[in-house]
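Residues per chain are reported as follows:
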Amino acid sequence: MDELLSPKQVCERWPSPFPTPQSLAERRWRGTGPDYVKTAPGRSGRVFYRASAVLKWLDERTVHGGAAA
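This report concerns the structure included in the present document. Values in this document were obtained by computation on a predicted structure and should not be read as measured data.

1. Concerning the overall build of the protein
Here comes step 1: Of the regular secondary structure elements, the protein holds 3 helices and 3 strands.
Here comes step 2: For the protein, the C-alpha atoms occupy an extent of roughly 45 × 30 × 20 Å along the three principal directions.
Here comes step 3: Classification of the 69 residues of the protein by burial places 28% in the buried group.
Here comes step 4: The contacts in the protein between residues at least 6 apart in sequence include a share of 44% that link residues at least 24 apart.
Here comes step 5: Here the protein has roughly 5,100 Å² of accessible surface; of this, 53% comes from carbon and sulfur atoms.

The structure is reproduced here in structure tokens:
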């Protein structure tokens, strides 16, 4: 089963791309961050990230040697 992480846990595990939960929330708001799970609609829903979704997001941004950045 895929691990669900809180925004704080994501930032602790991957501090370079996600230095704070606020920066992660901004990416979520802009639609540029990793896919996430929301427990309820609106502001009352808690947000979680699947570890695999964060890894996939990072993999999609990996630049391979010799490729143009």
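2. Quick look at the sheet that holds strand β2 (residues 37-38)
Here comes step 1: Ordered in space as β1-β3-β2, the 3 strands form an open sheet in which the pairing is antiparallel. If you trace the sheet from one side to the other, it starts and ends with β1 (4-5) and β2, each paired once.

Cut-offs used in this document
- Residues numbered from 1 in each chain as written.
- Predicted model: local features only at pLDDT ≥ 70, side-chain atom pairs only at ≥ 80, totals over all residues.
- Heavy atoms only, no water.
- Helix = DSSP H or I, 4+ residues; strand = E, 2+ residues; numbered from the N terminus.
- Buried < 20%, exposed > 50% of the residue type's maximum accessible area, 1.4 Å probe, protein only.
- Contact = heavy atoms within 4.5 Å.
- Areas by Shrake-Rupley, 256 points an atom, 1.4 Å probe, with all protein chains shown as cover.
- Pairing = 2+ DSSP bridges.

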